[in-house]
Amino acid sequence: MGYGCGIWKGVFKFVDIFISNCKMQVGDGSLISFWGDRWISDTPLKILHPASYAISGCKGATVAEVRTSESDMISWNLSIDRRVYGGVITELTSLLDLLDNFNSCNISDIGRRIWLGGGGGGGGKSNGTFSVKSCYQLLLKTAPSPLKFIPKSRVCSNQWPTKVSFFLWVASYAKISTQDMMVRRGWKKDWVNHCYLCVQDGESSNHLLVHCKVALTVWCFFPNEFSLKWVIPPDFLSLISSRPVKANSLRKTLVLRCLPDAISWCLGKREIVELLKILVRM
């Protein structure tokens, strides 16, 4: 399936999570996949009855195409044109019993998806309304460790420009334009991949922002100045997720919150002069 622009490619990575947290209100059934959507149970029929799905001739059909109604009698045409034996008969009988016991909604209504992933405000019991915030909160809860999703409070604030927040978010996923990415994509085939700051190792997101000799000098000076115990993190994502956010005074708390982002921004922009200014102010 073609996704078009890059942003939709990222969105479609989570389409299975979105579908798995939706349930369908049937209505006339014209918008609901008979086998693929969750409309009659909490599990799609193709997973609940795999043998029946395998022999069906209407795998991509909607509920409206499978369901027929005559004289207030509802029947289901699964388009099975072969003999069935053994366990398949048992499974098919179970499926037909499930369909016969289904209490159909008003077929004059148009079906719709009901969101089960949380309330419209982003938490609590679901009210059936989808919101980006509730979906993001769901992804945070289901993300494995280490976190694949950055809490908004770690990258977004009115204390620094939006472009810095965007940079921190992109850098957390190792997607900033470093030399290793350019070489890998064939943009500069004649380049020798080396870090712009230390000119010793290959330049990657984690090296440039965390493990570079220049970056480590800055990061080690920063916790020592505030009497913090600090272990070099394995990557920039861990650094952003675990940085301290509180101190014993309001001024130090503000500095602890803003200074790591300022250092990351200057390292990412390769601005040595700005880094030196930060160190002098400290």
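Basis of the calculations
- Residues numbered from 1 in each chain as written.
- Predicted model: local features only at pLDDT ≥ 70, side-chain atom pairs only at ≥ 80, totals over all residues.
- Heavy atoms only, no water.
- Helix = DSSP H or I, 4+ residues; strand = E, 2+ residues; numbered from the N terminus.
- Contact = heavy atoms within 4.5 Å.
- Areas by Shrake-Rupley, 256 points an atom, 1.4 Å probe, with all protein chains shown as cover.
- Patch = residues over 30% accessible without salt bridge, like charges linked within 9 Å, V, L, I, M, F, W, Y side chains within 5 Å.
- Salt bridge = Lys/Arg side-chain N within 4 Å of Asp/Glu carboxyl O.
- Disulfide = S-S within 2.5 Å.
- Expected span 1.5 Å × (residues − 1).
- Buried < 20%, exposed > 50% of the residue type's maximum accessible area, 1.4 Å probe, protein only.
- Arc of directions from axis to C-beta.
- Phe/Tyr/Trp six-rings, centres within 6.5 Å; stacked < 30°, edge-to-face > 60°.
- Polar contact = N/O pair within 3.5 Å; in protein donor to acceptor, adjacent residues only side chain to side chain.
- Pairing = 2+ DSSP bridges.
- Axes fitted to C-alpha atoms, helices over the stretch in contact; angles between N-to-C directions.
- Parallel < 35°, antiparallel > 145°, perpendicular 65-115°, else oblique.
- Nonpolar A, V, L, I, M, F, W, Y, C, P; charged D, E, K, R; others polar.
- Core = buried A, V, L, I, M, F, W, Y, C linked by side-chain atoms within 4.5 Å.

**Some words on the overall build of the protein chain**
Counting its regular elements, the protein chain contains 15 helices and four strands. By sequence separation, contacts in the protein chain at least 24 residues apart represent 51% of the contacts at least 6 residues apart. For the protein chain, the computed accessible surface area is about 17100 Å², with 57% contributed by carbon and sulfur atoms.

**Quick word on a nonpolar patch on the surface**
A cluster of nonpolar side chains, contributed by Phe166, Trp169 and Tyr173, occupies part of the molecular surface with about 330 Å² of accessible area. By the element assignment, Phe166 lies in helix α9 (residues 162–172).

**Side note on the state of the cysteines**
According to the stated counting rule, one finds zero disulfides in the structure shown. With no disulfide of its own, Cys212 lies 3.7 Å from the sulfur of Cys195, the closest cysteine sulfur.

**Looking at helix α12 (residues 213–225)**
Taking 1.5 Å per residue, 13 residues should reach 18 Å; α12 reaches 19 Å between its end C-alpha atoms and fits that length. Taken together, the buried positions of α12 are Ala215, Val218, Trp219, Phe222 and Pro223. Along α12, the residues classed as buried sweep out an arc of 125° about the axis, all on the same side. Seen from the buried face of α12, the exposed residues on the opposite side, beyond 90 degrees, are Thr217 and Asn224. Looking one or two residues beyond α12, the residue adopting positive phi is Ser227, at roughly 55°.

**Overview of the packing of aromatic side chains**
Counted by the stated rule, this structure contains twelve aromatic pairs. On the basis of an interplanar angle of 55° and a centroid distance of 5.7 Å, the ring pair of Phe166 and Trp169 is categorised as tilted. Placement of the pair is Phe166 and Trp169 together in helix α9, with a separation of three residues, close to one helical turn. A residue is classified by how much of its surface remains accessible, and Trp169, at 44% relative accessible area, is partly exposed. Among the aromatic residues, those joined into a ring-pair cluster are Phe34, Trp35, Trp39, Tyr53, Trp76 and Phe102.

**What to know about the side chain of Glu203**
With respect to the element layout, Glu203 can be found in the loop between α10 (179–184) and α11 (205–211). At a separation of 3.0 Å, a polar atom in the side chain of Glu203 contacts the main-chain amide nitrogen of Gln179.

**Here we look at unusual backbone geometry**
With phi around 55°, Ser79 is a residue other than glycine that occupies positive phi space. You can see Ser79 is positioned in the loop between β3 (73–76) and α6 (86–100). One non-glycine residue with positive phi stands out, namely Ala174, at about 55°. With respect to the helices and strands, Ala174 occurs in the loop between α9 and α10.

**Considerations on the pairing of strand β2 (residues 67–70)**
Bridging between β2 and β3 involves four bridges; their strand directions are antiparallel. Bridge pairing in β3 links Ser69 to Ile74. Joining the antiparallel neighbours β2 and β3 is a turn of two residues, in which Ser71 adopts a positive phi near 55°.

**A short note on the packing of α9 against helix α14 (residues 250–268)**
Following both chains from N to C, one finds α9 and α14 inclined at 75°, their axes separated by 10 Å at the closest point. Here α9 is positioned roughly perpendicular relative to α14, judged by the angle of their axes. Counted together, Lys163, Val164, Phe167 and Leu168 of α9 and Asp261, Ser264, Trp265 and Gly268 of α14 form the full contact between these two elements. Looking at side-chain class alone, the contact of α9 with α14 contains four nonpolar, two polar and two charged residues.

**Description of the nonpolar core**
Judged by nonpolar contacts, the single largest core of 30 residues is most densely connected at Leu168, Leu209 and Phe236. Contributions of two or more residues to this core are made by α9, α11, α12, α13 (236–242) and α14. Filtering out sequence-adjacent residues up to four positions away, Phe236 remains in contact with Leu168, Ala171, Ser172, Asn206, Leu209, Val210 and Ser264. Listed in part, the 18 residues of the second largest apolar core include Val26, Trp39, Leu45 and Val63.

Any functional reading would require information beyond the geometric quantities listed.
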